[in-house]
Amino acid sequence: MKKTSLLFGAAITGLLFFQATQKPEAESHPELLGLGPKLPTEVKAVVEQKCYGCHNEEAKNDKGKEKLDWDKFEDSKKSKQFATMSKISEVLEEGEMPPKKFLEFKPEGALTDEEKTILLDWSTRKKKNGE
Ligand code: HEC
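What this report covers is the structure whose coordinates are included nearby. Everything numeric in this text was worked out from a predicted model, so none of it was measured.

The rules behind the values
- One numbering rule holds for all chains: residues counted from 1, following each sequence as written.
- Totals for whole chains, interfaces and linings use all residues, but because this is a predicted model, local features are given only for residues with pLDDT of at least 70 and pairs of side-chain atoms are given and counted only at 80 or more.
- Only heavy atoms go into the side-chain values, all of them from the structure, while hydrogens and water stay out.
- Axis lines are fitted through C-alpha atoms, for helices just across the contact stretch, and the angle between N-to-C directions can take any value from 0 to 180 degrees.
- Secondary structure elements follow DSSP: runs of H or I of four or more residues count as helices, runs of E of two or more count as strands, with numbering from the N terminus.
- By definition, any crossing whose near helix is turned counterclockwise from its far helix by less than a right angle is left-handed, and any crossing with a clockwise turn is right-handed.
- By definition, residues are in contact when any of their heavy atoms lie within 4.5 Å.
- As a working rule, the residues Ala, Val, Leu, Ile, Met, Phe, Trp, Tyr, Cys and Pro are called nonpolar, Asp, Glu, Lys and Arg charged, and the rest polar, with Gly in that last group.
- Only N, O and S atoms count as donors, using a 2.8 Å cut-off from the metal and 3.2 Å for Na, K and Ca, and because water is excluded some sites may appear unfinished.
- Square planar and octahedral sites, with four and six donors, are those where opposite donors lie more than 155 degrees apart and all other angles lie between 65 and 115, tetrahedral sites have four donors with every angle between 85 and 135 degrees, and the rest are irregular.
- For each residue, the accessible area found with a 1.4 Å probe, counting protein chains only, is set against the maximum for its type, and the residue is called buried under 20%, exposed over 50%, and partly exposed in between.
- Only a single heavy atom is needed: when it lies within 4 Å of a molecule or strand, its residue is near that molecule or strand.
- Polar contact is defined as a pair of N or O atoms within 3.5 Å, subject to the rule that within protein one atom must be able to donate a hydrogen and the other to accept it, and that residues adjacent in sequence are counted only when both atoms are side-chain atoms.
- For this document, the term salt bridge refers to a Lys or Arg side-chain nitrogen within 4 Å of an Asp or Glu carboxyl oxygen.

## Considerations on the packing of helix H5 (residues 78-93) against helix H7 (residues 113-123)
Step number 1: In contact at an axis separation of 9 Å, H5 and H7 are set at 145° when each is read in the N-to-C sense. Handedness of the crossing formed by H5 with H7: left-handed. Here Met 85, Ser 86, Ile 88, Ser 89, Leu 92 and Glu 93 of H5 lie close against H7, whose contacting residues are Lys 116, Leu 119, Leu 120, Trp 122 and Ser 123.
Step number 2: The class makeup of the residues in the contact of H5 with H7 is six nonpolar, three polar and two charged.

## What to know about the coordination of the iron atom of the ligand
Step number 1: Within the protein, His 55 (NE2) and Met 97 (SD) serve as the donor atoms for the iron atom of the ligand, at 2.0 to 2.3 Å.
Step number 2: Angles of 85 to 179° at the metal separate the six donor atoms of the iron atom of the ligand, which places the site in the octahedral class. Of the two residues, His 55 is situated in the loop between helix H2 (41-50) and helix H3 (62-67) and Met 97 in the loop between H5 and helix H6 (100-105); the sequence distance between them amounts to 42 residues.

## Some points on unusual backbone geometry
Step number 1: Residue Pro 98 is bonded to the preceding Met 97 through a cis peptide linkage, with omega at -10°.
Step number 2: Secondary-structure assignment places Pro 98 in the loop between H5 and H6.

## Details of the environment of Glu 42
Step number 1: Relative to the helices and strands, Glu 42 resides in helix H2.
Step number 2: Take Glu 42: its relative accessible area is 49%, and that puts it in the partly exposed class.
Step number 3: Separated by 80 residues in sequence, Glu 42 and Trp 122 place their C-alpha atoms 9.7 Å apart.

## A look at the site of the ligand
Step number 1: Residues in close proximity to the ligand total 18 residues, the closest being Cys 51, Cys 54, His 55, Lys 67 and Met 97.
Step number 2: In this structure, His 55 approaches the ligand through a side-chain N or O atom, which is 2.7 Å from a nitrogen atom.
Step number 3: Between the ligand and Lys 67 there is a distance of 3.0 Å, counted from an oxygen atom to a side-chain nitrogen or oxygen.
Step number 4: If you list the elements that add at least two residues to the shell around the ligand, you get H3 and H5.

## Remarks on the pattern of salt bridges
As a working rule, side chains carrying opposite charge can pair if their charged atoms are close by.
Step number 1: In the structure shown here, the tally under the stated rule is six salt bridges.
Step number 2: For Asp 62, the salt bridge identified is with Lys 65, shortest N-O distance 3.5 Å. Of this pair, Asp 62 and Lys 65 both sit in helix H3, three residues apart, which is roughly one turn of the helix.
Step number 3: Judged by relative accessible area, which is 23%, Lys 65 ranks as partly exposed.
Step number 4: The partner of Lys 72 in a salt bridge is Asp 69, with the nearest N and O atoms 3.3 Å apart.
Step number 5: Relative accessible area serves as the criterion here: at 12%, Asp 69 is assigned to the buried category.
Step number 6: Several salt bridges converge on common partners, so that one network encompasses Glu 57, Asp 69 and Lys 72.

Set out below in structure tokens:
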């Protein structure tokens with residue numbers, strides 16, 4: 001084999017190796033791509049049923065959407081997402097959301113234990129990982 005093709009081969013091998021070592025890391029750590037967590041499907045399902053109505057771009061209550069707008073969540077910076085998640089875990093632990101006044105006339109809006117666990121597991125993941 002000629003020297004040049006050997007060099008070429010080495011360069012290709014190097015490139016492949018580089019890609020192989022880089023790609024999985026970015027895939028398993030989405031935060032490396034600049035975006036924080038995407039909402040897992042089961043979290044999304046709970047949010048859509050129990051939180052979204054008051055926390056979306058079109059929501060009538062300005063205070064609620066100002067503090068949490070699910071329409072913006074997935075496109076926010078990861079630091080913002082983590083801050084939101086930690087707020088969410090706080091309000092859930094305190095039993096503040098959905099608001100009590102709202103539950104008085106719409107008791108079916110309350111989170112079931114299972115739903116609460118899904119949201120809490122998700123929103124506290126960061127803490128569990130010790131970050
Ligand atoms: C009936 C409307 C309504 C529903 C349903 C609702 N929220 Fe809220 N939420 C509000 C309002 C209003 C505020 C602003 C409260 C305030 O600042 O006094 C708020 C504030 C928040 C905040 C910010 C708290 C803070 O102090 O910064 C978080 C986080 C939150 N809600 C999470 C949730 C989650 C999670 C759910 C679903 C389990 C949910 N909310 C369901 C109306 C709602």
